[in-house]
Structures are given as C-alpha cells and as structure tokens.
Amino acid sequence: MARKLTFLHAADLHIGAPFRGMRESAPRWADQLTGAITDAYDRLISTAISREVDFVVIAGDIFDSARSSYADYRRFFSGLERLEEASIPVYLCLGNHDPYSTWEQDFFALPANATVFDAVAPSFALYERDGEPLCVLGGRSFLNNVWPNDTSIADGITRANAIAALGEKAARAPFAVGVLHTGLTFDPHKAPCDPVVLQSAGMSYWALGHIHKLWVDSEDDPRIAYSGCIQGRDIREVGRRGVGIVTLEEGKPNRYEFVSTASIAWQQLMVDVGDCANVSAVVDKVMRAQFDVNGHMRCDKMISRIALCGETPLHELLSQPGVVDDVRAALIESYPAFYVDALTDATTRPVDREALIEENLFPGSFLRTAREQRACPDELAAYVQREFLERNMVLPSEALEGLDDLAAEAENLVLDMLVRGEAR
Amino acid sequence: MTEERILRPRHAAPDFDPREIAAESQPTPETSEARHDQAPASYLQYMRVEHFGALSCRTVGPFAPGLNVVFGPNEAGKSTLAAFTDGVMFGWEEARGNRNTYKPAGANRAGSLLFAAKDDDSATFELHRERNADGAQGSTFLVEDIDRATYRTMFWLTSDELRSLNGAGDMTARFLTAGSGTETSPAHALAAIRERLARFTSRAASAKESLVNLTAERDQLRARLNEAAERADALRSQARELHDIEPQRRSLNAQLESTHAAIEALSAARAGIDKIDAETMSLEAEKERLHDEERRTVAQRRMRMRATGTQLARMSGSEDRAVREKVEVLGERKAKVMHALETAQDAHRNATAAYEALVESADNRPREARGHRLLQIGVSALLFALLIVVGVPLFVQGRNAGSLSYASLGLVMVFFGLVLAAAALVLLFKPDRRDEERKDRIDEAMRAMIQSKKTLEACEREAAEMEEAITANLEKMGLEEAAGSLRRARVLLDEAKDARAEMALDRQRQQAVSMRVDEVETRLEELARQRIALCERAGAPADADDETFDQKLSELNLSRAELLERTEAVNMRWGELSQELAGGADEHEFDRLKTSYQTVLTRLREATRSFAKTLIAQRMLEEAVSAWEAQSQPAVFAEAGRLLALMTRGRWTGVTLSDDGEVRVLDDARIAREPRLLSLGTCQQLYLALRISLLISAPGVGANVPVMADDILVNFDAARREGAARALLELARVRQVIFFTCHEEVLDVLSRASSKTSDGIRSIAL
C-alpha cells in the first residue's frame, strides 16, 4: 500500500514583529493589530491539530528581531505544548531574524516534541509513525544574523547524509524533507542557494522560509516551496497569507494546499474616482473596490491604504482641509471589518497642462520651470540633500525613492496653490 | 478666456458634504471668498486713537483716497500716528530693547482705523485693536493681502528705510508676481510653502507633521520601547529562573513533606510506644497476679485431692454412679443376709426356746438346773456368738494388718467360742431317759434347735462373709475409710462428690487464669512486636526509649525548620516569579508600543517625504518666481529708472539688476554704479523710485493699506523734492498716500506739484 505523509509547512512567523507602515493605530484596531501575528500562529497550531498532520515544520524567522513581548513568547511555547498534547512533533529551523545564538536562553522552554535544527552543521531527524520510519528530515539553522557568503546553507543536507547520520532504519523511510531558511535565488544576501543543488539532494520536498510569500517551484508537483508568512505585517505584504498542508504520497505527485491563517489582510488600492460625481460616489466606489479585492482573500479583516486617483473636478473639494479625512472616517464607519489606514488624495484637477505651458502666464512659467527641474533629478536630489543638511537633519534614502513622483506631487501642490485660494 | 475657464476654481456642488459629519465647522472658502468679493477697494478715512503713546481719544481725518499731507510741528504725534496705524493693522509693538512701544502709562493701547469704500463713502469698515492677544477686530479682510514685513518695508517710508531695500529679493518677488494670472499670487504661494516648511521644523504642539516633534516622539517611544524590551527580557529570564528553581522547589517541598511525615511518624511512634509500654507494664503486673492465683488454685486443688483421696478425687461421674450402685447392691445384699440372719436367729431362738421349754417341762427338776443349763447353753451360745463375732474380724483385721497378736487373739477367741459351743452341745446331748419321749421331743426340739442353730451359723457366716465382702469391695472402691460401713461409704462418696465439684471449680478457675495468662503473654509478645515495628518504622533502634525519640525528634524539628526556611524562600521566589510571569503573559504594552513606534516611524517617513516634496515645490516655485521676475523686472526697473530720472532731473537715468541680483543705478552716461557709492539723498531717491515703481506695479498687494511717508524729502534739494513730489503724486493715483511733515516748504512743494496736475491733495493739520 502506498505510504502517505501529511505535514504542515510554515515559515516567517515573525512573532513580536510590529506592523509596519501604519500611520496611526485606531483604538478599535489596536488590540487586533497587536494580537494579529499570535492569533495567526494559534490558527496555525489549530490547523495542524484539526488536520491531524504527521508533523509541523517551521522554516525559520519564528521570532522577529524586534524582541517579542513575554506574552507573545509564552504564546509561542504554549502552541508547541498544544502540539505536544496532540502528539505532533515540530521541527524548527532558525532564520536570520532569530538565529541560533538568540535562542540559547530559550531552549529550556521547548517541549519534548520540538526539534531544532543545529546551526553549526546540518542535522537530521527521523519521523516514525507507529514505529515505522516514514520520513527523514534534514535542516540547518542560522547561527548568526548573517550567513557567510563562502558557504552554502544547503551543504550536506542530503538524504544520503541523513541516512548515514540516522542509521539503517532511516533508509526505510519513503520520504525526505529538507528544511531551510534561505534566500534561494530571490535574496542574494540571505543564504542563497542553487535550486539545482536542492533538487539533487534526494529530498522529496524542501520546506523553505524567508521570502514571506507563497511560492512553489511547480504547481503540479511542488518539490521546493515557500509557505510565505502567516500574517502580512507590512503594508507591502498585501494579499493572502498562511501555511501549507503538504501531502507526500508514494507514486503520486506532491500536493501543496494553502491554508489561510492571517488575522488581518493588508491591501493597497488605487481607486480612480474620475467618474465620481460627488463625494458620496467616491465613498461608494472605494467601498466597492475594497469588497472586490477582499473577495479574493480568505480573511475578513482588512487594513488598506487607499489612494484616490484620476482627474476629477472633485479634486478641488478633496484637497480642502479635512475633506479626505472625512471620507476616510466615512469609509471606516461604513464597514467595521475594513480599516482604512490612510486615504490619500492623488487626484488631479482637470488641467490642460500643455495649454497652460503655452500661455504666457505665471502657471505656464511655473510648469516650464518644474519640468526643467524634473528633467534633472540628480540636481533635485542634491538640493533636497543640501536643504536637509542645512537644517541639521538626516535625509533617509527612502525619502527620495520615486523622486519623479515626488516632484510631480510637488508640482501639483504648487499648481493647486496657485490656482486656488489655499495660500491665504 | 482660456485661463478663466481653466484656472477659476469651479466649486462642485456635492450632494454629499463630508464636513457635515465633522463636528468642527470651518469657514468654507466659499464664504470667505464671498466676503472677499463683497469687499470693495477701500481707503483709510479716519484714525481713531483711544490710547496710544501721548495721544488719547483723538480722531485724525478724514483722509482722502489719494495724497494726504499731515502737517504738524515736532512732537505733534506724526510718528506716533504712523506707528499707531502699523500697530492696529499688525499688532502693537512688543517691548524689546529700547524701542518706543507707545504704551501710555495707566492704560492699554487701543484704537481703530476707519476705512471707506473708494467708490462709495457710505460703506465703511472698522479695524479695531486693543490687546494683541485678541488680534485685530472687525474688518480684518482689509489687511489680509499684506503682512507686517511687506508693510514696513514697502508702505512705511522713513528716511532711514529709504537708504536701502531690505529683503529686496522677496519684496520684488512679491510685487513682481502679483497679478501674474493666478488666483493666488506666487509670492503668497511661496510664503505658504515656506510656512509649511517651517511647520515641518516647528516645535509647536499643533504642528502634526513637524519632523522635530515626530523625531522627538520617535525617540521618546524608542526609549519606552527599550524599557519594554528590557522588561520582556527580564520576564524571559524570570521564566528561565522559574524553570530552574522548579526542581529545587519540588525537591525541597518533597523533603519538607517527608520530614513532616517523619516527625509525625516519630511522634506517633513515640505515643504508640508509650502506650505499648504502659500496657506492657500493667500486663506484666496482671501476669504476676495471675501466676499467684494459679499457684494458689493448684495448691488448693492438691489439698482437696489429698483430703478426698486420690481415687475418689479422680473418680468420674459414671464411676461414682457405678460405685454407688455397687454400694447399693452391697447394701441390699447385706440387708438380705441380715434379714436371713435375723430370721435364723429368730428361728434358733424359737427352737432353743421350744427345746428349753420341753426340757423344763420334762425335767422340772431343777428347773433352775434346766434353766441353769439353758442359761449355760444360752450364755455359751451367746459367748460363742460374741466370741465368733469379735474373734473372726479381729483375726481378719489382725491378718490384714499383719498383727499377730490381733490374729492370735481372734483365733483364741474363736477357739474359746468353739469350745463353749462344744460344751453347750455336750450339755444338750446328755440324754434323759425319762424323758425319752420328751427326750425324743427334746431331741426333736434339740434337732430343730441344732438345725436352726446350723442355719443361724450359716447365716452368721454368710453375714460375716458379707461383711468381709463389703469391706473388701469398699476397699477395692477406695472407700477404706468407710471401714466397711456402707453408710459411711455413702457419706464419703457424697463428700468426695462435693470435693470433686470444688476441684472442678478450682480447675476451671485455674484454667481461666492460665488462659488469661496466655492471653496476656500473647498480648505482651504482640506489644513487643508492635514496639519493634514502630521503632523500625520511626527509624529508631528497636530498644529506643523516649529520650532517643526526643533527641531524634528535636533533630528532625531542627532540620525541618531549616528546610522550612529554605522552602519558604524558594516558594516565595517561585510565587513572585509565577505572579510576575502570569501578569507578564497578559501584558501587551510592549506590542502596543511597537505598533505606536511604527506608526510614528511611518508618519515620520511620510512627513520627511512630504518635507522633501515641499522643498522641491519651494525650489520649483522660487525658480519660477525668479524667472517670472526676470520677465517682469524690465518693466518695473524701467519705471523705477523713469521715476529716478524724474527726481534727479536726468542725473541718474536708470535702475537695473546686476547678474548677481544687486540693484545698480545708471547715470546719464548709462554707467552702472553701486548704490552704496551714491550720496545719501540720491540713494534715498533710488530706493523711493524703486518702491514707488513696485507699489504701482502691484496694486493687488496691500490694496487697502495706505502708504505712510514720514518726512522723507528732508534730504532732497528743492529740485529733487519737486521731482519726488511728482513721483508721489503718481503713486497717489494708484494708492492712498499719507505724508507726514513738519516742514511747511515740503507741504508747499507737494501742493505746488499737485496743482500742476489735476490731482487733489488733502492737507490735515495736527
């Protein structure tokens, strides 16, 4: 009879990580936000128990480098204890955010069902079901935050080495799973390795972590996979997040089933309100856009940053102080499961810039100057840098990302001022 | 017009106004604009001084929309009025250095400026000020298009001010971009942008996007985060500590428990042993007493046994009954024998009597003889019987007792008895012939008598044998003491029975005692075993006494106290840690702080980016303004040159800007000079010309505000005064000019100049 193995593949828990990119924490959401990652982790544990998986693999970055609170720390170990009660072993690989060196103090808290892959050399474990060897596992943790460039983290993690280390019994195990926290080809700075090397290691499946997003080398028969993070924690980590239920079966292709664990989904939306006749239409359109995008996720709660764009006569109204804030408040009010962290007005007034440039009036003169300046981004950047220095301020590099967008915004800002009474 | 279509903001009329949601209602641009639209071009009509400097309750005016000359001697209050106007519009001068703040003693500065519409004198507006903190009251829109710096530089002309044009770049920009085809002047926009930039670096609490504030907030949060992180670390190490002391705590608790148990066991053992010892002691005493009783009982029984005789004493009930039966049988047989004997004696007596009677009747001769013989025979027979009766038992007794004398005595007596019997027989058988018949009868009677005698003898023998048999049987039955007496034997038997009953009681008692003794001994053995077991259990030697126990107990108590102390310390720490950790497991302050920190970082990042954006906007606008200036300048500078030429009667013909933005003046040979090289008067004329040119070119800046000139012509020669007067009249066509002077000739020059043109001039004397 064909033997079969099911396990849960998770990675990048980042317990203790704060949400990045929020502009303000609404009181109603504050608790949900602080508990989002640990709630997602609890969901991971519950999934493992309810699906009765053979074991759980966590491929690194369990804790975030931002030290976790004791409450979160406890939650993690309680989760492992729940698995222990359910007799589900856990295999942990430590990543660049929580390398082996940071764990020294905490190993004592690990229950007996947890196995941590060594950092100094590859280490191996054998999973047996009812005394029958079913799967060999091999992996290696990060020792420090940085993996040395001159060695590959995957070195020596092969099925043959696993059998050599675990004994003859291991040779009877039909499956082999490699666990690594690696940049693979996605991140050349974090222990990258060659997929070909992984493919030739004799493993049935490589459970990887690091890139925070779900990725499989092949939809039909995944052999190398990233489960992604369990909860998006950055405004850029939009979309669905969760874990994988991996099924390995003799004579059949591997199967990877995505299970959503996220407590809160992140989304960034650009909503063209050019066709909206009034502000309530804007609210309606944004609401529709939120529902549209949420329909594709498996998470009810959503925090989004929304930019209103498009050319609209409403620009005038929207750019008045307080109006966008009111729209945002109306959006937050109308559907409690969605929170709009920021609503920015990127609409433009319907201005025929080319016609303006042609006119011999100040706005035309201004637009010409602005274009000239935008044509020399280096000078612009140098100018901003100089101005910051003059004020004894540090200019963070990301402040000038998308300099031309910034310049375009600046241009719009001035144009708005010139053609409107805001300066008063 | 295209720009009209494009640039005029079109206010959409939304059917949804989110501001209705917002609690605070701000004045909408619509109303502000409406008011602005309503405001007609105005001029200053009256100055109404309530308290200011030396002036009090003074109204000056009315002024005309054009050129006004206020004439008054020194200290009439000309400069005071100029300062008053400035103060009402832009705020009273704050005390700083040794500036004159015009603050009257004992009163607050207060006053109003009254404006009237240029085209309708009946429409008046009042600008009033009392306290700076309250700001200007009333028609503040009158001064909305101008700020204090612009006013002081451009509108408040004094001899000193005219030596230069401070902030020339800004001012020219402000003026040159006015009316550039935008809704808001670029200069205003630039000012707004600079204001925005200033907000980014402001420390005011209201400046939400202030990088300074955000950085401070970030740093503060970072510090709190560090504290929270340290707290989290502390909790983790406490968790570690808890984990580490747990086994110690458990072992200490276990030790303590076992010590408790040992102490309890020892105390219990001690109490148990005390009890056992007490019981043992009382049992030993009882045993002693029982032994005594047993001994007593045994002695008593033995005594009774001895008294009763062994055989009788040991006789069982059935034996007793058999013996009694035998005794009865013997009694019956003896009674029969005795009866037979009595019968035989009676028969013999009768036979003897009959014989004797025959003899007496036959031989009545001596009756006495016959009686005598009969008496002899009777005595012989009696003696014989007596001798036999005494002699035989005596003989038997003697033989049995082995006493020869008794036996021989018995034998002699029997012999004498027999002799007597033979003598009697001889007497009897002495025949009496005469009495043959009688003798026969006598013989007959004698034979009967002999026969009865024989019978009697046999009976007697039988009786004797009987006696012997009884005696023998009784002896055999252990009733020797009865000495052949059946009655005594019965008595003996009864006595023996009683004795046996007594003995049985004794035996029972003895048995009871011995049973009790056994019990006591068993109990004692058990107690001894219990004691050993107790000692063993308490870990004491089997023969441990109270002292050993006490010593051991005190040792244990001591070690328990020590353990208790250690356990308490560990338990207390354990409790502290558990409580701390339980509390820590619900603490989310660190997480909240992290989120807050990130939000501040985000806001800081956004503010930084926004700041960069605003800087870029500033640069764009500045450059655009310069470009626009460059475009507009020729006209302004040409105008300034014309005015300068007018004032200097052609000595100086032009004004330009050098490449580096400095003002240059051209002489009649078109040679450029730096202003600092000019004479004081010429320099003042240059800057006056430049100001007038700018003020004329930008009627939109400070449209309602009068130009105040404080005796600016004193350094001018007569010819140049005239030229300057003409220039001022040109300005007065566009703007209201109020000229203060204490020189009558200046008033004359201005009046003359006005009379040459059609311009009116209003003169007001102070």
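Residues numbered from 1 in each chain as written. Chains lettered and ligands numbered in written order. Predicted model: local features only at pLDDT ≥ 70, side-chain atom pairs only at ≥ 80, totals over all residues. Heavy atoms only, no water.

Examining the overall build of chain A
Consideration 1: On a plain count of helices and strands, chain A comes out with 13 helices and 15 strands.
Consideration 2: For chain A, restricting intrachain contacts to residue pairs at least 6 apart in sequence, the fraction spanning at least 24 positions comes to 72%.
Consideration 3: Looking at chain A as shown, the accessible area adds up to about 16,500 Å², and 49% of this sits on carbon and sulfur atoms. (Helix = DSSP H or I, 4+ residues; strand = E, 2+ residues; numbered from the N terminus. Contact = heavy atoms within 4.5 Å. Areas by Shrake-Rupley, 256 points an atom, 1.4 Å probe, with all protein chains shown as cover.)

Remarks on empty space enclosed by the protein
Consideration 1: One pass over the full model with this rule turns up three cavities of 30 Å³ or more.
Consideration 2: Approximately 90 Å³ is the volume found for the second largest cavity.
Consideration 3: Among the secondary structure elements, those contributing two or more residues to the lining of the second largest cavity are α1 (27-50) of chain A together with α15 (589-647) of chain B.
Consideration 4: The greatest single-element share of the lining of the second largest cavity, amounting to five residues, is contributed by α1(A).
Consideration 5: Each residue belonging to the lining of the second largest cavity can be placed in one class, and the counts come to six nonpolar, four polar and three charged. (1 Å grid on protein atoms, 1.4 Å probe; cavity = no way out; pocket = protein on both sides within 12 Å on 5 of 7 lines; lining within 4 Å. Points joined across faces, edges and corners; volume = space filled by probe spheres on them. Nonpolar A, V, L, I, M, F, W, Y, C, P; charged D, E, K, R; others polar.)

Examining the environment of Leu184(A)
Residue and element names in this part refer to chain A.
Consideration 1: With respect to the helices and strands, Leu 184 occurs in the loop between β7 (175-181) and α6 (195-199).
Consideration 2: On the basis of relative accessibility, which here comes to 3%, the residue Leu 184 falls in the buried class.
Consideration 3: Those residues in contact with Leu 184 that lie beyond four places of it in its chain are Ala 191, Pro 192, Cys 193, Pro 195, Leu 198, Leu 208, Trp 215, Ile 224 and Tyr 226. (Buried < 20%, exposed > 50% of the residue type's maximum accessible area, 1.4 Å probe, protein only.)

A word on the interface of chain B and chain A
Consideration 1: On the side of chain A, 85 residues touch chain B, which itself brings 76 residues to the contact.
Consideration 2: Both sides of the chain B and chain A interface together cover about 7,200 Å² of buried area, and 63% of this is carbon and sulfur.
Consideration 3: In terms of surface lost to chain A, no three residues of chain B exceed Arg236(B), Arg619(B) and Met620(B), which account for 11% of the buried area on that side.
Consideration 4: Where chain B packs against chain A, one counts four salt bridges.
Consideration 5: With its nearest N and O atoms 3.7 Å apart, the salt bridge here joins Lys613(B) to Glu409(A).
Consideration 6: At the level of secondary structure, the elements contributing two or more residues to the side of chain B that touches chain A comprise α1 (2-7), α6 (186-200), α7 (211-308), α14 (546-584) and α15 of chain B.
Consideration 7: Of all the elements, α15(B) adds the most residues to the side of chain B that touches chain A, at 29 residues.
Consideration 8: Of the residues that constitute the side of chain B that touches chain A, the class distribution is 34 nonpolar, 21 polar and 21 charged. (Buried area = accessible area lost by both parts, 1.4 Å probe. Salt bridge = Lys/Arg side-chain N within 4 Å of Asp/Glu carboxyl O.)

Looking at the pairing of strand β10 (residues 224-227) of chain A
Residue and element names in this part refer to chain A.
Consideration 1: Going residue by residue along β10, you find Ile 224 and Tyr 226 tucked away on one face and Ala 225 and Ser 227 tucked away on the opposite face as well.
Consideration 2: Here three bridges tie strand β8 (residues 205-209) to β10, and the two strands are oriented parallel to one another. Opposite Ala 207, over in β10, you have Ala 225 as the bridge partner.
Consideration 3: Direction of pairing for strand β9 (residues 214-216) relative to β10: antiparallel, over a ladder of three bridges. Paired with Trp 215 across the bridge in β10 is Tyr 226. (Pairing = 2+ DSSP bridges.)

Description of the sheet that holds strand β9 (residues 663-667) of chain B
The strands making up a sheet associate through backbone hydrogen bonding, with each pair oriented either parallel or antiparallel.
All names here are of chain B.
Consideration 1: Here three strands make up an open sheet; going across it, the order is β8-β9-β10 and the pairing antiparallel. Two strands bound the open sheet, and with one partner strand each, they are β8 (652-657) and β10 (672-673).
Consideration 2: Two elements, β8 and β9, share five bridges in a ladder whose sense is antiparallel. Note that in β9 the partner of Leu 657 across the bridge is Val 663.
Consideration 3: Where α15 meets the sheet, its contacts fall on β8 and β9, and the angle it forms with β8 comes to roughly 155 degrees. (Axes fitted to C-alpha atoms, helices over the stretch in contact; angles between N-to-C directions.)

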